[in-house]
Amino acid sequence: MSTQTTPRRAADVEPLVVMKDVGKSYGNVNALQGVNLEVYPGEVTCVLGDNGAGKSTLIKIMAGLHEHTTGTFEVNGVSRNLASPRAAQALGIATVYQDLALAPLMSVWRNFFMGNEIRKGPFLDSRAMRRIADEELQKMGIHIGDLDRPVGGLSGGQKQCIAIARAIYFGAKVIILDEPTAALGVKQSGVVLKYIMAARDAGLGVVLITHNPHHAYLVGDHFVVLKLGRVTLDASKREIGLDELTAQMAGVSELEALEHELRHDDAPKVAVSPIDVD
């Protein structure tokens, strides 16, 4: 597979988000320990890990759902303890979850402005919302056609793109995408990855949470692998290839140990009794 070298960022570019030795504990359980992460404008930072690696906890801290218990979390150079998703949104951090927070029976434009409706007096300004939704979707290269159609009738890729465009319009500088391609086929995954690159090219800092190293390597500029709440890999695209990233994600040492165990001559044999057939 051919890859494109990620251009080096300018020396004067400051990170939008910096996590230093961040940890999160739930009682005696350490969900995250000593995590360091930087998110830069115009870059895609991919956070990879298996189930239980700590990805969900990391999302919740960045999104303002949970406060970190150790370390520092800086946004635009200022140390923060985000007490709510509203606090995160006010600082320009938007999260697009797997369920997308879309109402399937409502129209595209209503979903775009859900919770942030434009009003003209006591009434909704539907004409302005339709126009703005169409303009913003067109900027991302998303062509829906009829904005009055229920969003439930759209493809999974189109729904993801609407959620991304909505976050950008309402002032996001950092977008966290929670497994955006997990439930999509190859074609629709390609659509979403294309719009992730569009968000990056628009100058946003993108955090892509995924367990798919192939998708991550297509769009990512920097890669962080989590395992049991700790960072086991922190590398830029210039420093790592797809094969090594895949091996780190899969846990190559564990796979080698399992292969050795399965091939061992002294592996326990399972006795199977014959079945009598009348």
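Quick caveat, the model's predicted, so the values are computed rather than measured.

Enquirer: Tell me about the pattern of salt bridges, and name the residues and values.
Expert: For the structure on display, the rule yields six salt bridges. With a shortest N-O distance of 3.1 Å, Lys139 and Glu136 are connected by a salt bridge. Of this pair, Lys139 and Glu136 both sit in helix α4 (residues 126-139), three residues apart, roughly one helical turn. A relative accessible area of 12% places Glu136 in the buried class. Residues joined in a network through salt bridges with shared partners are Arg200, Asp201 and Asp221.

Enquirer: I'd love a proper account of the sheet that holds strand β5 (residues 78-79), names of residues and values included.
Expert: One open sheet accounts for four strands, arranged β2-β1-β4-β5; its pairing is antiparallel. In this open sheet, the two strands that pair with only one neighbour each are β2 (29-39) and β5. One ladder, built from seven bridges, connects strand β1 (residues 17-26) with β2; its direction is antiparallel. Bridge pairing in β2 links Met19 to Leu37.

Enquirer: Just give me the short version of the packing of helix α5 (residues 156-169) against helix α6 (residues 186-201), but keep the residues and values in it.
Expert: Between α5 and α6, the least distance of the axes is 8 Å, while the angle of their chain directions is 15 degrees. Relative to α6, α5 is oriented roughly parallel. Crossing of α5 against α6: the hand is right-handed. Along the contact surface, α5 presents Gly157, Gln158, Gln160, Cys161 and Ile168, while α6 presents Gln188, Val191, Val192, Tyr195 and Ala199. A class-by-class count of the residues in the contact of α5 with α6 yields six nonpolar, four polar and no charged.

Enquirer: Got a sec to walk through the layout of surface pockets? Specific residues and values, please.
Expert: Empty space left among the atoms is revealed by rolling a probe the size of a water molecule over them. The space that makes up the largest pocket amounts to roughly 650 Å³. Elements supplying a minimum of two residues to the lining of the largest pocket: α2 (85-90), β6 (93-96) and α5. Of the residues belonging to the lining of the largest pocket, the class tally is 16 nonpolar, six polar and two charged.

Enquirer: Got a sec to walk through the packing of aromatic side chains? Specific residues and values, please.
Expert: For the coordinates displayed, the defined rule picks out seven aromatic pairs. Pairing Tyr217 with Phe223 gives two aromatic rings, centres 5.5 Å apart and planes at 15 degrees, and the pair type is stacked. Of the residues examined, Tyr217 reaches a relative accessible area of 4% and is grouped as buried. Members of the aromatic cluster, connected to one another through ring pairs, are Phe112, Phe113, Tyr169 and Phe170. Just above the ring of Tyr217 sits the side chain of Lys237; from NZ or CZ to the centre is 4.8 Å.

Enquirer: I'd like a description of the nonpolar core, backed by residues and values.
Expert: Generally speaking, soluble globular proteins have nonpolar side chains that are buried together. Core analysis: the biggest nonpolar cluster contains 48 residues, and Leu137 and Ile196 have the highest contact counts within it. Counting residues per element, this core draws most heavily on α5, at six residues. In this view, Ile196 contacts Val44, Leu177, Pro180, Val206, Leu208 and Val219; residues no more than four positions away in its chain are not counted. Judged by nonpolar contacts, the second largest core, of 25 residues, contains Met19, Val47, Ala53 and Val75.

Enquirer: I'd like a description of the sheet that holds β6, backed by residues and values.
Expert: Reading across the sheet, the six strands line up as β6-β9-β10-β3-β11-β12 and stay open at both edges, with mixed pairing between neighbours. A single partner strand is all that each edge strand has here, and the edge strands are β6 and β12 (230-236). Put simply, the sheet's adjacent strands are angled 15 degrees from each other on average, direction ignored. Note: strand β9 (residues 174-178) against strand β10 (residues 205-210), five bridges, orientation parallel. By the bridge assignment for β10, Val174 is matched with Gly205.

Enquirer: Go over the side chain of Thr45 with me, naming the residues and quoting the values.
Expert: If you trace the backbone, Thr45 turns up in strand β3 (residues 43-48). Ignoring anything within four residues of it in the chain, the contact list for Thr45 reads Leu37, Glu38, Val39, Val206, Val207, Leu208 and His222.

Enquirer: I'd like a description of helix α1 (residues 55-63), backed by residues and values.
Expert: Counting buried residues along α1, seven of its nine residues qualify, which places the element largely inside the surrounding structure. When we look at burial in α1, the residues that qualify are Lys55, Thr57, Leu58, Ile59, Ile61, Met62 and Ala63. Two residues or fewer after α1 comes Gly64, characterised by a positive phi angle close to 90 degrees.

Thresholds, definitions, all that
Every chain is numbered on its own, with residues counted from 1 as its sequence reads. The predicted nature of this model means local features are confined to residues of pLDDT at least 70 and side-chain atom pairs, given and counted, to a pLDDT of 80 or more, with totals for whole chains, interfaces and linings taken over all residues. Excluded from the side-chain calculation are hydrogens and water; included are all heavy atoms of the structure. One side-chain nitrogen of Lys or Arg within 4 Å of one carboxyl oxygen of Asp or Glu is enough to make a salt bridge. The helix count covers DSSP runs of H or I at least four residues long, the strand count covers runs of E at least two residues long, and both are numbered beginning at the N terminus. To sort residues, take the accessible area from a 1.4 Å probe on protein chains only and compare it with the maximum for the residue type: under 20% means buried, over 50% means exposed, and anything in between is partly exposed. Following DSSP output, two strands are said to pair if at least two bridges run between them. Note on method: axes are straight lines fitted to C-alpha atoms, helices fitted across the in-contact stretch only, with angles between N-to-C directions ranging 0 to 180 degrees. Roughly parallel refers to an angle under 35 degrees, roughly antiparallel to one over 145, roughly perpendicular to one between 65 and 115, and oblique to any angle outside these ranges. Note on convention: the crossing is left-handed when the near helix lies turned anticlockwise from the far helix by less than a right angle, right-handed when the turn is clockwise. Residues are treated as being in contact if the distance between any of their heavy atoms lies within 4.5 Å. Residues are grouped as follows: nonpolar covers Ala, Val, Leu, Ile, Met, Phe, Trp, Tyr, Cys and Pro; charged covers Asp, Glu, Lys and Arg; every other residue, Gly included, is treated as polar. Buriedness of a pocket was judged along seven lines, with at least five required to meet protein on both sides within 12 Å; pockets are open sets of points on a 1 Å grid over the protein atoms alone, cavities are sets where a 1.4 Å probe fits but cannot get out, and lining residues have an atom within 4 Å of a point. Grid points are joined across faces, edges and corners, and a volume is the space filled by probe spheres set on the points. Only Phe, Tyr and Trp rings take part, Trp by its six-membered ring, and two of them pair if their centres are within 6.5 Å. Stacked means planes under 30 degrees apart, edge-to-face means over 60, and tilted covers everything else. Distance and angle both matter: a charge sits over a ring if NZ of Lys or CZ of Arg is within 6 Å of the ring centre and within 35 degrees of the ring normal. Put simply, a nonpolar core is a bunch of buried Ala, Val, Leu, Ile, Met, Phe, Trp, Tyr and Cys residues held in one set by side-chain atoms that sit within 4.5 Å of each other.

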